[in-house]
Amino acid sequence: MGDGGATQRESLEALLQEARLFRPAPEFSKNANAGDAEIYARAAKDLEGFWADEAKRLDWIEPWKKVLEWDAPWAEWFVGGKLNVAANCVDRHAASARRNKAAIIWEGEPGDTRVLTFGMLQREVNRFANGLKSLGVKKGERVAIYMGMIPELAITMLACAKIGAPHSVVFGGFSAESLRERINDAQAKVLITADGAWRRGNVVPLKANADAALEGTPSIEKVVVVDRVGKQANATMKAGRDVTWDELVKDASDKCAAEPMDAEDMLYILYTSGTTGKPKGVVHTTAGYLVGVSTTHHYIFDVKENDVYWCTADIGWVTGHSYIVYGPLANGCTSLMYEGSPDYPDRGRFWSVVSKYGVNIFYTAPTAIRTFMRWGREWPARYDLSSLRLLGTVGEPINPEAWIWYHENIGRQRCPIVDTWWQTETGMVLMSPLPGLVPTKPGSATRPFPGVEADVVDEKGRTVPPGAGGYLVLTKPWPAMFRTIYGDPERYVRQYWSRYEGKYFTGDGAKRDEDSYFWLLGRVDDVMNVAGHRISTYEVESALVDHDSVAEAAVIGKTDAIKGQAIASFVTLKEGTLPSDALKRELREHVAARIGSIARPDEIFFTSELPKTRSAKIMRRLLRDIAEGRLLGDTTTLADSAVVGKLKQQYEEEG
Ligand code: PRX
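Residues numbered from 1 in each chain as written. Predicted model: local features only at pLDDT ≥ 70, side-chain atom pairs only at ≥ 80, totals over all residues. Heavy atoms only, no water.

1. Comments concerning the site of the ligand
Reasoning step 1: D419, T420, T424, D508 and R534 are the nearest of the 17 residues found near the ligand.
Reasoning step 2: Take G395: an N or O atom from its main chain is 3.1 Å from a nitrogen atom of the ligand.
Reasoning step 3: In the environment of the ligand, an oxygen atom lies 2.9 Å from a nitrogen or oxygen atom belonging to the side chain of Q423.
Reasoning step 4: Here the ligand loses 95% of its free accessible area of 540 Å² to cover by the protein chains.
Reasoning step 5: Of the residues assigned to the shell around the ligand, the class counts are six nonpolar, six polar and five charged. (Near = heavy atom within 4 Å. Polar contact = N/O pair within 3.5 Å; in protein donor to acceptor, adjacent residues only side chain to side chain. Areas by Shrake-Rupley, 256 points an atom, 1.4 Å probe, with all protein chains shown as cover. Nonpolar A, V, L, I, M, F, W, Y, C, P; charged D, E, K, R; others polar.)

Dropping the structure here:
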């Protein structure tokens, strides 16, 4: 836990006074997948029956014997069932009338495009699955993936699923060191990467980073390299270890039987930042996960057979796993995958993609929406966005102004907005309006998904009254919940399930209003949310103190109008080292090189002392007060209360 429970949303009172209510349009409600409010009552009355019905949307090799085995905090869903995720996401559609329907529409950065129908996707997945087998990958062995947003990324994930080898996707923006740490934790046997990735016309040297990472990864035997960029990537191949994608699949058969997987077999590991220590390997399993993501995708995004659905996340994060790859494809939906950034070649890029493909459902992050707001309404105004039917947001709280801007300028006042709250750990959306059914309030994720039960509690675990702030907890299991932390079950129990007996502690603050609508208030622990990316203060501090000049560092998330939070760091230098702007730049780059550029501090502030309690704990809460220009909170526990006053004055002078 953090030291004060300060959250991202300081103007709570203003927020709770947000009284605008947007009722579903009758024409939308008439055809909504969610049907009527009976869905909530049905799930509340019979949780297992509800999920058993939803599980019928999948093809099973063997039916389950029991829906749920719940021995808190250990869950097993669809006990005894057997199925294969790739067979559900690809093969069954390829064997149906959807064979020639687009599964993945890929829009690449320098003008490249590719459309894979379910039939084509099946052949690619099978060929690569056979390629993996030829490298010696067996069921249960981990495959690391470090790639940009190219179709081969989705193909690799599905090929892993096909042969029962859990994948661990590492976001392509992470550094060599972050990649190495994740490979070693997962003990991955092979790495699938690309020579490089395109980013705003520049090349991200993925293979070079991978080579650096692989200097300390004894478990890796083989590396497969996609030729994405070509010569400009300057990638080199290591004989005996590295093979190109094309070589590997050249003679591979396009037939591959799906491995029958147990409902609880591991589907993937995805690393995420925690409050302390190294990143945690969140483990998702087969049946519950796929039931959870396909069901939520169906109801929340209201997808119809001919819709084009676009989630703008990177597949390196959970949003991309659940809502670009697994959920949509399980539902036989056309999922658009975009390689580039929103402002390349210009700021109208997203809207040109929407009009080019006639996107019907668009899912993005509040930080992107706030950026579009800053760029101005004239950008989207130039494009025909009439295909859009539904909008979504995820990753952080959305401020009502951004919600309204989205509604007016992108949704043109026609499209419902689903504000979806969830986490890497939850695997699927747990809180969101069901479009066509639940009236929305700008800034509120409204209510839990059917069958999901949430509560807002105080320190002691008591439910707080409406309007009061507290900790968001989940009181019932859900199928896509993570099952453990890879290699560290004790941490799973300690971090998530020990604070309140039998309840899942989310790490988020929340309030419930008089209508029982939930308002998410940001993290209450030492996890920052920077432009929708989850970064722990601890990781950035470790990277800073690892620099020769740094004696001590304290990092906080400072409220930022566009990114939600910006990374502010307070640094004390070693004896004899002089502060300078050059050193600030060096430290920022040092962190970027250690973790990845998403973790590059926005601010570095040199100080001779940090405010500490008598037990020598740094009081980040006070640093947040300083950085955000507030009056200082309670300072009575400080060892030396003069330090913080001086620091505040100095910060304001330099600011
Ligand atoms: O603080 C919440 C915030 O993002 C955290 C989870 O981050 P991550 O595991 O990276 O997953 C992000 C995408 C699912 C949560 O603890 N968060 C996510 N969605 C919302 C949100 N906060 C408020 N509203 C949301 N809709």
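2. Comments concerning the packing of helix 5 (residues 85-94) against helix 12 (residues 318-330)
Reasoning step 1: Here helix 5 crosses helix 12 at 55°, and the two axes come no closer than 8 Å. Taken together, the axis directions place helix 5 and helix 12 in an arrangement best described as oblique. Here the hand of the crossing between helix 5 and helix 12 comes out left-handed. Contact residues: helix 5 offers V85, N88, C89, R92 and H93, while helix 12 offers Y326, L329 and A330. (Axes fitted to C-alpha atoms, helices over the stretch in contact; angles between N-to-C directions. Helix = DSSP H or I, 4+ residues; strand = E, 2+ residues; numbered from the N terminus. Parallel < 35°, antiparallel > 145°, perpendicular 65-115°, else oblique. Left-handed = near helix turned anticlockwise from the far one by under 90°. Contact = heavy atoms within 4.5 Å.)

3. Things to note about the sheet that holds strand 23 (residues 484-485)
Reasoning step 1: The eight strands lie next to each other as 12-11-8-6-7-14-15-23, forming an open sheet whose pairing is mixed. Edge positions in the sheet fall to strand 12 (242-244) and strand 23, since each has one partner strand and no second.
Reasoning step 2: In terms of strand pairing, strand 11 (residues 222-226) meets strand 12 through three bridges, oriented parallel. Of the residues in strand 12, the one forming a bridge with V225 is T244. (Pairing = 2+ DSSP bridges.)

4. Brief notes about the pairing of strand 16 (residues 308-311)
In summary, the side chains of a regular strand alternate between the two faces of the sheet.
Reasoning step 1: Alternating residues of strand 16 divide into V308 and W310 and Y309 and C311, and every residue in both groups is buried.
Reasoning step 2: By the bridge criterion, three bridges tie strand 16 to strand 17 (residues 334-338) in an arrangement that is parallel. Paired with Y309 across the strands is S335, a residue of strand 17.
Reasoning step 3: Between the parallel pair strand 16 and strand 17, the chain is carried across by helix 12, and the sense of this crossover is right-handed.
Reasoning step 4: Bridging between strand 16 and strand 18 (residues 361-364) involves three bridges; their strand directions are parallel. Bridge pairing in strand 18 links C311 to Y363. (Buried < 20%, exposed > 50% of the residue type's maximum accessible area, 1.4 Å probe, protein only. Right-handed = clockwise from strand over helix to strand, strands pointing away.)

5. Concerning the environment of N331
Reasoning step 1: Mapped onto the fold, N331 is located in the loop between helix 12 and strand 17.
Reasoning step 2: Setting aside residues no more than four positions away along its own chain, N331 makes contact with R57, H93, R98, S294, H297 and H298.

6. Overview of the packing of aromatic side chains
Reasoning step 1: Evaluation of the coordinates by the stated rule reveals 44 aromatic pairs.
Reasoning step 2: With a centroid separation of 6.3 Å and an interplanar angle of 10°, the aromatic rings of Y268 and Y326 are classed as stacked. Here Y268 is found in strand 14 (residues 266-272), whereas its partner Y326 is found in helix 12, with 58 residues between them in sequence. As far as the burial class goes, Y268 and Y326 line up, both buried.
Reasoning step 3: Seen in terms of ring centroids, Y289 and Y326 are 5.9 Å apart; in terms of plane orientation they differ by 85°. Their pairing is edge-to-face. On the criterion of sequence distance, the pair formed by Y289 in helix 11 (residues 287-300) and Y326 in helix 12 is long-range, its members being 37 residues apart. Accessibility assignment for this pair places Y289 and Y326 in one class, buried.
Reasoning step 4: Taken together, the ring pairs in this structure connect W70, W74, W478, F482, Y492, Y496, W497 and Y504 into an aromatic cluster.
Reasoning step 5: Over the ring of F174 we find R182, and its NZ or CZ is 4.3 Å from the ring centre.
Reasoning step 6: One Lys or Arg, R499, reaches over the ring of F505 and ends 4.7 Å from the middle of that ring. (Phe/Tyr/Trp six-rings, centres within 6.5 Å; stacked < 30°, edge-to-face > 60°. Lys NZ or Arg CZ within 6 Å of the ring centre and 35° of its normal.)

No statement about biological role is implied by the geometric values presented.
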